[in-house]
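The chain contents come next:
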Amino acid sequence: MIDFSVRFGFFAIIFLGLIGWQWWQPRSALLLWRKRWPHNLSLLVLGAICVRLIQPLLLSFVAVFSNETGLFSQLAWPTWLTILFSIVCLDGLIYWQHRLFHRIPWLWRIHRVHHSDPELDVSSAVRFHPIEIILSLVIKATAIYLLGIPVIAVLLFDILLNASAMFNHTNARLPRQVESIVRRVLVTPDMHRIHHSRRDEEANRNFGFFLSIWDGLFATKCQQALGGDAAIRIGLPNTKTYQPNSFKALLIMPFKLVIRKQK
C-alpha cells in the first residue's frame, strides 16, 4: 500500500506540474484536446483497473524472490551500485522493448494505439492499450527475476520511467541551450516529438524514454526532423489524417489489421 501511494503521489505531482508547464509555455496550440483527453485518461483508468494497481505489488514480489538467485545477487557490489546498474539495465530493456513493438507486426498493432494520438502533450504519455501494459509488465517482471533486481530499484525506476515519459511527451520545449545539454543524457520533448511523426522514417527513431544514450549507442538517434521541426506532423505513421473517432475505436485498434489512409 505504501509502495502504491509513493508511486501515485509522484505521478500526480509530476503530471500536474507538467500540465502547468505546457499551459504556461505551450509549444503549439492543442486544437483537439477536448476530444483527446477523455480518450487518453480513459485508457489510463482502464490500465489502472487491469494492471497498474497490482503492478507495483507483483514487481516487488518478483524482486523479493529473485534476490537469492538473480544475477546481481551473485555480485559483491555495493547496494548503491546494484541499484544504479539495475535502473540502467531496465531502461535499456524498455528501449529494446519499444523497438520490438515497432518491428514485429502483431506488437505494432497494439502499440499503434499510442501513436494514433493526433496531438502530443502530457496526456499522450498514458495513452497505451491495456494489452501493451500487460505485455510490458511480463517482460519487466521476467528481467527483474533473472537479474535479481532489488525492490528499491524497481520502485525508483518506475518513478523515473513515468516521470520521463510524461516529461518527453509534454507540449512544451526547453530553452535551446538547455535542450542541447539535457538531450545528451535524457530524452527531451523535442527529441521524442520526432518519434511521433507520421513519417515512418522518423517514427522509427528516438525509441528511448528516459536515457538518450541507447538511441546514440544503437544508431537510432535523430537529432533533427527531416523537414525541420516545424514540418513534423503528429499521428499514426503512414497515414494522412487518421485518428480514432471514439474510445471504442481505440480499444479495437489492435484487432484491426488495416488502417485505411484517410485524405
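Look a little higher up for the structure.
Structural notes, computed from the coordinates. Remember, it's a predicted structure, so these values are computed and weren't measured experimentally.

Procedures and definitions
- Residues numbered from 1 in each chain as written.
- Predicted model: local features only at pLDDT ≥ 70, side-chain atom pairs only at ≥ 80, totals over all residues.
- Heavy atoms only, no water.
- Core = buried A, V, L, I, M, F, W, Y, C linked by side-chain atoms within 4.5 Å.
- Buried < 20%, exposed > 50% of the residue type's maximum accessible area, 1.4 Å probe, protein only.
- Helix = DSSP H or I, 4+ residues; strand = E, 2+ residues; numbered from the N terminus.
- Contact = heavy atoms within 4.5 Å.
- Phe/Tyr/Trp six-rings, centres within 6.5 Å; stacked < 30°, edge-to-face > 60°.
- Axes fitted to C-alpha atoms, helices over the stretch in contact; angles between N-to-C directions.
- Parallel < 35°, antiparallel > 145°, perpendicular 65-115°, else oblique.
- Left-handed = near helix turned anticlockwise from the far one by under 90°.
- 1 Å grid on protein atoms, 1.4 Å probe; cavity = no way out; pocket = protein on both sides within 12 Å on 5 of 7 lines; lining within 4 Å.
- Points joined across faces, edges and corners; volume = space filled by probe spheres on them.
- Nonpolar A, V, L, I, M, F, W, Y, C, P; charged D, E, K, R; others polar.

## Describing the nonpolar core
Phe11, Phe15, Val122, Ile149, Phe157, Met166 and Phe209 are the most contacted members of the largest nonpolar core, which has 32 residues in total. Examining the composition of this core, we find that 6 residues originate from one element, helix H7 (residues 151-169), more than from any other. Apart from the residues within four sequence positions on either side, Phe209 is in contact with Ile94, His98, Phe128, Leu161, Ser164, Ala165, Asn168, His169 and Val187. Of all hydrophobic cores here, the second largest spans 7 residues; its members include Trp108, Leu236, Leu250 and Met253.

## Side note on the packing of aromatic side chains
Here the structure, examined in full by the defined rule, presents 8 aromatic pairs. Plain terms: the ring middles of Phe15 and Trp37 are 6.1 Å apart, the flat faces sit at 50° to each other, and that makes the pair tilted. Of the two residues, Phe15 sits in helix H1 (residues 2-24) while Trp37 sits in helix H2 (residues 33-52), which places them 22 residues apart along the sequence. For Trp37, a relative accessible area of 17% puts it in the buried group. Ring geometry for Trp214 against Phe218: centres 6.5 Å apart, planes inclined by 10°, an arrangement best described as stacked. Every member of this aromatic cluster is reached through a ring pair, and the members are Tyr95, Trp96, Phe207, Trp214 and Phe218.

## Some thoughts on the environment of Gln97
Of note, Gln97 is situated in helix H4 (residues 79-103). What makes Gln97 buried here is its relative accessible area of 10%. In this view, Gln97 contacts Ser136 and Ile139; residues no more than four positions away in its chain are not counted.

## A short note on the packing of H4 against helix H6 (residues 130-147)
Where H4 contacts H6, the two axes come as close as 11 Å, and the packing angle between them is 140°. Put simply, H4 runs oblique to H6. For the pair H4 and H6, the crossing hand works out as right-handed. For the pair H4 and H6, the contacting residues are Cys89, Leu90, Leu93, Gln97 and Phe101 in the first and Glu132, Leu135, Ser136, Ile139, Lys140, Ala143, Ile144 and Leu147 in the second.

## Quick notes on empty space enclosed by the protein
Tallied over the entire structure, the rule returns 3 cavities of 30 Å³ or more. As a volume, the largest cavity reaches approximately 60 Å³. In terms of lining residues, the largest cavity is bounded by Leu32, Lys35, Arg36, His39, Pro118, Arg127, Gln243 and Pro244. Each residue belonging to the lining of the largest cavity can be placed in one class, and the counts come to 3 nonpolar, 2 polar and 3 charged. Approximately 50 Å³ is the volume attributed to the second largest cavity. If you trace the second largest cavity, you find it lined by Arg7, Phe10, Phe11, Ile14, Asp158, Ile159, Asn162, Ala163 and Met166.

## Description of helix H5 (residues 105-115)
Burial within H5 is extensive, with 8 of its 11 residues counted as buried. Among the residues of H5, Leu107, Trp108, Ile110, His111, Arg112, Val113, His114 and His115 are the ones counted as buried.

## Examining the environment of Val182
By secondary structure assignment, the location of Val182 is in helix H8 (residues 176-182). For Val182, a relative accessible area of 22% corresponds to the partly exposed category. Those residues in contact with Val182 that lie beyond four places of it in its chain are Leu174 and Thr188.

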